Amino acid sequence: MSEAIQARPGTIGDGGKRIAPYPTEISGKFKKNRQFVAWALLGLFFLIPWVNIQGFPLFQFDVFERKLTLLGQLFWPNDVPIFVPLLISVVFMVFAVTASLGRIWCGWACPETVFLHFVFNPVQELLEGKAHIRKMRDEAPFSLDWAWRKSLKHLIYLVIAALITLTFMAYFTGIQFILRDFAGDPLNHSMAFGFFASFSLILYWTFAFFREQLCVIACPYARFQSVLTDRQTLQVTYDHVRGEPRGKPKKEASAVFGDCVSCNQCVKVCPTSIDIRQGPQLECIGCALCADACDQIMETWRRPKGLIRYSSDAKILDHNEKIIRPRFIIYCIVSALLFLVFMALVALRPRQQVDLTRQGGRPYIQMENGDIINFYHIRVRNKDRSDREYKMKINDLNVELIAAETQFKLKSGELKTIPINFKIPGYSFQNGKHELVVEIDNGAKIQKIKTTLAGPVKYGR
Ligand code: SF4
Ligand code: SF4
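Computed from a predicted structure; not experimentally measured.

A. Examining the overall build of the protein chain more closely. A count of helical and extended segments in the protein chain gives 15 helices and 16 strands. The C-alpha radius of gyration computed for the protein chain amounts to 32 Å, which surpasses the reference 23 Å derived for 461 residues by more than 25%, pointing to a less compact arrangement than a globule. Across its three principal axes, the protein chain shows a C-alpha extent of roughly 115 × 60 × 45 Å. Scored against the burial criterion, the 461 residues of the protein chain give a buried share of 43%. Within the protein chain, contacts between residues separated by at least 24 positions form 67% of all contacts whose residues are at least 6 apart in sequence. Total accessible area on the protein chain stands at roughly 25,100 Å², and carbon and sulfur atoms take up 64% of it.

B. Highlighting the sheet that holds strand E13 (residues 407-410). As summarised here, the arrangement of the four strands in space is E13-E11-E15-E16, forming an open sheet in which the pairing is antiparallel. With one partner strand each, in any of the chains shown, E13 and strand E16 (446-454) form the two edges of the open sheet. Each strand of the sheet is rotated relative to its neighbour by a mean of 25°, with strand direction disregarded. In this structure, strand E11 (residues 388-394) lies alongside E13, joined through four bridges in antiparallel fashion. Looking across to E13, one finds that Arg388 is bridged to Leu410.

C. Structural view of a nonpolar patch on the surface. On the surface, Phe46, Trp148, Leu152, Leu155, Val159 and Leu163 cluster together to form a nonpolar patch covering roughly 540 Å² of accessible area. For the nonpolar patch, the leading source of residues is helix H6 (residues 144-173), giving five residues. Positionally, Leu155 belongs in helix H6.

D. Seen up close, the site of ligand 2. The environment of ligand 2 is made up of Val236, Cys270, Pro271, Thr272, Ile274, Ile276, Cys284, Ile285, Gly286, Cys287, Ala288 and Cys290. Most atoms of ligand 2, that is more than half of them, are within 2 Å of grid points of the largest cavity. Here the shell around ligand 2 is composed, by residue class, of ten nonpolar, two polar and no charged.

E. The arrangement of the nonpolar core in detail. Core analysis: the biggest nonpolar cluster contains 24 residues, and Ile378, Ile420, Phe422, Val438 and Leu453 have the highest contact counts within it. Secondary structure elements with two or more residues in this core: strand E8 (352-358), strand E10 (371-382), E11, E13, strand E14 (415-425), strand E15 (433-441) and E16. Apart from residues lying up to four places away in sequence, Leu453 is in contact with Arg358, Asn374, Tyr376, Val399, Phe422, Ile424, Phe429, Gly432, Lys433, His434 and Leu436. Ranked by size, the runner-up nonpolar core spans 21 residues in total, among them Tyr238, Val261, Ile274 and Ala291.

F. How the structure looks around the packing of aromatic side chains. Overall, the coordinates contain 28 aromatic pairs when judged by the stated rule. Ring centres of Phe61 and Phe172 lie 6.0 Å apart, and the angle between their planes is 55°; this geometry places the pair in the tilted category. Taken together, the residues span a long stretch of sequence, with Phe61 in strand E3 (residues 59-62) and Phe172 in helix H6 at a distance of 111 residues. In this structure Phe61 comes out as partly exposed when scored by relative accessible area, which is 42%. By way of ring pairs, the aromatic residues Phe45, Phe46, Phe59, Phe115, Phe120, Tyr157, Tyr171 and Phe207 are connected into one cluster. Across from the ring centre of Phe75, 4.4 Å away, lies the NZ or CZ of Arg349, which sits over that ring.

G. Broad picture of the site of ligand 1. Around ligand 1 there are 13 residues in total, and Cys260, Cys263, Asn264, Cys266 and Cys294 lie nearest to it. Judged by the proximity of its atoms to the pocket grid, ligand 1 belongs to the second largest cavity. Every element with two or more residues in the shell around ligand 1 is listed here: helix H12 (265-268) and helix H13 (289-300).

H. A look at the pattern of salt bridges. Under the definition given, this model contains 26 salt bridges. For the salt bridge of Lys383 with Asp79, the shortest nitrogen-to-oxygen distance reads 2.8 Å. On the criterion of sequence distance, the pair formed by Lys383 in the loop between E10 and E11 and Asp79 in the loop between strand E5 (73-75) and helix H2 (83-101) is long-range, its members being 304 residues apart. Judged on exposure class, the residue Lys383 and its partner Asp79 are both buried. Linking Lys393 and Glu439 is a salt bridge whose minimum nitrogen-to-oxygen distance equals 4.0 Å. Of this pair, Lys393 sits in strand E11 while Glu439 is found in strand E15, placing the two residues 46 residues apart along the sequence. With relative accessibility at 40%, the residue Lys393 sits in the partly exposed group. The class for Glu439 is buried, based on a relative accessible area of 9%. Bridged by salt links that share partners, the residues Glu128, Asp138, Lys150 and Lys153 form one connected network.

I. Quick peek at the packing of helix H1 (residues 29-47) against helix H4 (residues 111-128). Two elements in contact, H1 and H4, have axes whose closest approach is 10 Å; the angle formed by their N-to-C orientations is 105°. When the axes of H1 and H4 are compared, the pair comes out roughly perpendicular. Residue-level inspection shows Lys31, Arg34, Gln35, Ala38, Leu41, Leu42, Phe45 and Phe46 of H1 in contact with H4, the latter providing Thr113, Val114, Phe115, His117, Phe118 and Val119. When the residues that make up the contact of H1 with H4 are grouped by side-chain class, the tally is nine nonpolar, three polar and two charged.

What counts, and where the lines are drawn
- Residues numbered from 1 in each chain as written.
- Chains lettered and ligands numbered in written order.
- Predicted model: local features only at pLDDT ≥ 70, side-chain atom pairs only at ≥ 80, totals over all residues.
- Heavy atoms only, no water.
- Helix = DSSP H or I, 4+ residues; strand = E, 2+ residues; numbered from the N terminus.
- Rg over C-alpha atoms; globule rule 2.2 N^0.38 Å.
- Buried < 20%, exposed > 50% of the residue type's maximum accessible area, 1.4 Å probe, protein only.
- Contact = heavy atoms within 4.5 Å.
- Areas by Shrake-Rupley, 256 points an atom, 1.4 Å probe, with all protein chains shown as cover.
- Pairing = 2+ DSSP bridges.
- Axes fitted to C-alpha atoms, helices over the stretch in contact; angles between N-to-C directions.
- Patch = residues over 30% accessible without salt bridge, like charges linked within 9 Å, V, L, I, M, F, W, Y side chains within 5 Å.
- Salt bridge = Lys/Arg side-chain N within 4 Å of Asp/Glu carboxyl O.
- Near = heavy atom within 4 Å.
- 1 Å grid on protein atoms, 1.4 Å probe; cavity = no way out; pocket = protein on both sides within 12 Å on 5 of 7 lines; lining within 4 Å.
- Sits in = over half its atoms within 2 Å of the grid points.
- Nonpolar A, V, L, I, M, F, W, Y, C, P; charged D, E, K, R; others polar.
- Core = buried A, V, L, I, M, F, W, Y, C linked by side-chain atoms within 4.5 Å.
- Phe/Tyr/Trp six-rings, centres within 6.5 Å; stacked < 30°, edge-to-face > 60°.
- Lys NZ or Arg CZ within 6 Å of the ring centre and 35° of its normal.
- Parallel < 35°, antiparallel > 145°, perpendicular 65-115°, else oblique.

Written out as structure tokens, the structure reads:
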């Protein structure tokens, strides 16, 4: 027998107040597999800041030096356009995954789910017991037992939130800064400390109090998924063809009922307190705990497992499952092509940045002997991973390059700005212009920069 459709999520009460759910703990194949994935992801998250490739971090978005290190490769602010194809490629990959596998990200890999279900919840269960004991304790009058358990839980939550924040910061500052400078004297780094304290508190509040509400009411990804999914999308689905009409079979009339025995276990284990039998819902994070719970019930009743399973409406209603569909293929092809463009741009990007700019003020001055002087700045950044020796020259016999240094060495990532002047006889100008090419040779490659020197339109003026 169908039940009335819930008007609002079970975790939201009158006036939008959160109703804390007490989802029953459950084990099963989906939970085990998700746990395995979660441990792998947690391992990656905490390990990556420690990994170096030939002295360069595996991944670091260095806020102090404004550089990105990715897989040991260095990128600087003027490399940002290189990442445009990568970002669009990721967007298309998200389209492909969502169109085919629904909210697989939410249930299996989203940091909110991974930390909440596999880090914070186990701490809660350890200290406050399973769901029914927790509920009993929370509803009972104040006791010291309740107080110490809650206090210790929140203290551990705070420590975990701080550890997550420190690791997150290491992605931006490097692990050495966290270990040596920040941990040594955090108050000496007021900005970093401010970020650490506020981000830790936000994380603590999210995992201690806001919890599933982040997915239910705040996550933007959940909201735009409905335009990406269709009848063929694989998601955690209740097989209503097999399950209805619901009810506990009586011995003499078992044929009247479908496979759903109306035990409500699927609802009791749901972390967002929804009933998957009412169809796909915005609040469903695709964790498949209801599928694990239902499989156990089916086993007890000696019925085939999978009344709730990863499936699609098309499969259940029409027996027509097509995970690989034209839109999936198109999304994947576009994503792959854009990724190849990104790889090509990375491979071809110059290993040095050279900017030749005029100094402010007058564009040129004319000497008494008629020579013209143009004033410039040249800025050279070594974007390579190794130190490099640079030589600057011009191949124009009319022009004299006047610079404090025409040969210099730069460490990896180092930036140097040198004022340079170009001296040229006034008669060399045509219509007040003289084209010039400046060459910067780094030993491996010569980079040529064109500029137009300014001078008098008519010589002798
Ligand atoms: S766990 Fe399975 S059998 Fe029990 S109510 Fe849910 S769908 Fe029906
Ligand atoms: S309905 Fe099932 S898959 Fe969806 S959130 Fe609840 S338990 Fe997880």
